[in-house]
Amino acid sequence: MSHKILEGKKGIIFGALDNQSIAWKTAEAVKEAGGEFVLTNAPVALRMGAINDLAEKTNSKVIPADATSVEDLTNLFNEAQEHLGGKIDFVLHSIGMSPNVRKKKHYTGLNYEWYKQTLDVSAMSLHKTLQVAKDLDAINEWGSVVALTYIAAQRIFPDYNDMADAKSLLESITRSFGYHYGTAKKVRVNTISQSPTVTTAGSGVSGFDKFISFSEDMSPLGNAGAIDCANYCISLFSDLTKYVTMQNLFHDGGFSSTGVTTAVMDRFGEE
Ligand SMILES: NC(=O)c1ccc[n+]([C@@H]2O[C@H](COP(=O)([O-])OP(=O)(O)OC[C@H]3O[C@@H](n4cnc5c(N)ncnc54)[C@H](O)[C@@H]3O)[C@@H](O)[C@H]2O)c1
């Protein structure tokens, strides 16, 4: 991308784990578009070390924060503003984790402590991020917060498990906080509902390989990739989308509006 549509804008990017992460691709695209940012992830993820390569490549600082900790988030917003020399213009919330999915618990046999963690890490963390930012008045007017979600928030995809409930909550927080932050400070909050994408979080869902190929055949344009998702984030961080807020925006090659495709029907053969 050659347009510097984020020139002069400062942000915080959560969730770059490795070079497949949607947040990683977004950080590279933001840099290309002229934006500056700090990178953040949970201390345990930082120990893997890959994020330092991204930090070097994009000339950005890494500030550890567990997104479930209000204390960590407060420190993050304070340090980020100090480092970047002013208030924040954009935030990417690219965070998801379910212990029930990881440990292969069925949706009808969930461990409730883990269920709470799923909701806290994958959804409530967005509320905490927004509340901390609002309390500190850390985001500029017309600032833009984007979180990543999946269509299992609206329709049943059985293997998505308790992450579906987390995504429903995430999308609801986007509407509710979007209202309050919009009226108080003109800050925008949206979710992007992304196609299945090969990343660490994505591949954790059981049957992912088969599913990604089903989704490819069910999408008139094919699955949207991580780089295209990054470019969509850039547009939402920019002033070109100033009046877009409280929306769940499908970035899925048309999957969400499709009932069936000939590509899928052809798999069943001729009757
Ligand atoms: N990959 C897909 O198929 C797909 C599709 C739709 C939406 N999404 C969403 O996109 C987002 C990014 O996922 P990804 O696919 O790039 O995978 P990823 O595994 O690269 O990213 C998930 C990130 O969440 C971070 N994280 C987990 N617990 C955390 C905590 N307590 N505090 C701070 N960070 C924490 C991880 O360290 C990791 O960086 C997630 O919200 C995911 O649900 C992914």
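The present account deals with the structure reproduced in this document. (Residues numbered from 1 in each chain as written. Predicted model: local features only at pLDDT ≥ 70, side-chain atom pairs only at ≥ 80, totals over all residues. Heavy atoms only, no water.)

1. With respect to the overall build of the protein
Each helix and strand counted, the protein has 11 helices and 7 strands in total. Computed over C-alpha atoms, the radius of gyration of the protein comes to 18 Å, within 12% of the 18 Å expected from 2.2 N^0.38 for 271 residues, which places it in the range of a compact globule. For the protein, buried positions account for 52% of its 271 residues. In the protein, of all internal contacts separated by at least 6 residues, the share reaching a separation of at least 24 is 75%. Carbon together with sulfur atoms contributes 52% to the accessible area of the protein, which is approximately 12900 Å² in total. When the 25 basic and 31 acidic side-chain charges of the protein are each reduced to a single mean position, those positions are 4 Å apart. (Helix = DSSP H or I, 4+ residues; strand = E, 2+ residues; numbered from the N terminus. Rg over C-alpha atoms; globule rule 2.2 N^0.38 Å. Buried < 20%, exposed > 50% of the residue type's maximum accessible area, 1.4 Å probe, protein only. Contact = heavy atoms within 4.5 Å. Areas by Shrake-Rupley, 256 points an atom, 1.4 Å probe, with all protein chains shown as cover. Lys, Arg positive; Asp, Glu negative; His and termini not counted. Charge placed at Lys NZ, Arg CZ, Asp CG, Glu CD.)

2. Observations regarding the site of the ligand
Surrounding the ligand, one finds 28 residues, the nearest of these being G15, S21, N41, T197 and T199. I22 places a polar main-chain atom, nitrogen or oxygen, 2.9 Å from an oxygen atom of the ligand. Interatomic distance of 2.4 Å between a side-chain N/O atom of T199 and an oxygen atom of the ligand. Across the complex, the protein chains shield 92% of the 820 Å² of accessible surface that the ligand would expose by itself. Contributions of two or more residues to the shell around the ligand are made by β5 (139–149) and α8 (200–203). (Near = heavy atom within 4 Å. Polar contact = N/O pair within 3.5 Å; in protein donor to acceptor, adjacent residues only side chain to side chain.)

3. Digging into the pattern of salt bridges
Applying the stated criterion across every chain yields a total of 9 salt bridges. A salt bridge links E36 to K10; the nearest nitrogen and oxygen atoms lie 3.9 Å apart. Residue E36 is found in strand β2 (residues 36–40), and its partner K10 is found in strand β1 (residues 10–14); the two are separated by 26 residues along the sequence. Among the residues examined, E36 registers a relative accessible area of 42% and is labelled partly exposed. On the basis of relative accessible area, K10 is assigned to the buried category, the value being 17%. Among the salt bridges present, the one from D217 reaches R267, with a minimum N-O distance of 2.8 Å. On the criterion of sequence distance, the pair formed by D217 in helix α9 (residues 208–218) and R267 in the segment after α11 (262–266) is long-range, its members being 50 residues apart. Given the relative accessible area of 22%, D217 is considered partly exposed. Through salt bridges with shared partners, a single ionic network connects K87, D137 and K185. (Salt bridge = Lys/Arg side-chain N within 4 Å of Asp/Glu carboxyl O.)

4. A closer look at the environment of S176
Take S176: it is sitting in helix α7 (residues 163–185). Sequence-wise, S176 and T261 are 85 residues apart; in three dimensions their C-alpha atoms are separated by 35 Å.

5. A short note on the sheet that holds β2
Backbone-to-backbone hydrogen bonds pair the strands of a sheet. The strands run either parallel or antiparallel. Within the open sheet, the 7 strands sit side by side as β3-β2-β1-β4-β5-β6-β7. Their pairing is parallel. Each end of this open sheet is capped by a strand with a single partner; those strands are β3 (61–62) and β7 (248–251). Sheet topology places strand β4 (residues 88–93) next to β5; 5 bridges connect them, and they run parallel. If you follow I88 over to β5, its bridge partner there is I139. On the sheet, helix α6 (residues 112–135) packs against β1, β4, β5 and β6 (188–194) and is oriented at approximately 170° with respect to β4. (Pairing = 2+ DSSP bridges. Axes fitted to C-alpha atoms, helices over the stretch in contact; angles between N-to-C directions.)

6. Thoughts on a nonpolar patch on the surface
On the surface, V260, M265 and F268 cluster together to form a nonpolar patch covering roughly 340 Å² of accessible area. Inspection of the secondary structure assignment puts V260 in the loop between β7 and α11. (Patch = residues over 30% accessible without salt bridge, like charges linked within 9 Å, V, L, I, M, F, W, Y side chains within 5 Å.)

7. Describing the state of the cysteines
Tallied over the entire structure, the rule returns 0 disulfides. We note that C229 lacks a disulfide partner, and the nearest cysteine sulfur, in C233, lies 4.6 Å from it. (Disulfide = S-S within 2.5 Å.)

8. A few points about the pairing of β2
Most of β2 is tucked away: 4 of the 5 residues are buried. Tracing the backbone out of β1, into helix α1 (residues 22–32) and back to the parallel element β2 gives a crossover that is right-handed. (Right-handed = clockwise from strand over helix to strand, strands pointing away.)

9. Concerning α1
Among all positions of α1, only I22, A23, W24, T26, A27, A29 and V30 are buried. With its phi angle positive at about 95°, G34 sits one or two positions after the end of α1.

10. Describing unusual backbone geometry
For K186, which is not a glycine, the phi torsion comes out positive at approximately 60°. Counting through the fold element by element, K186 comes out in the loop between α7 and β6. A relative accessible area of 40% places K186 in the partly exposed class. The phi angle at M246 is positive, at roughly 65°, despite the residue not being glycine.

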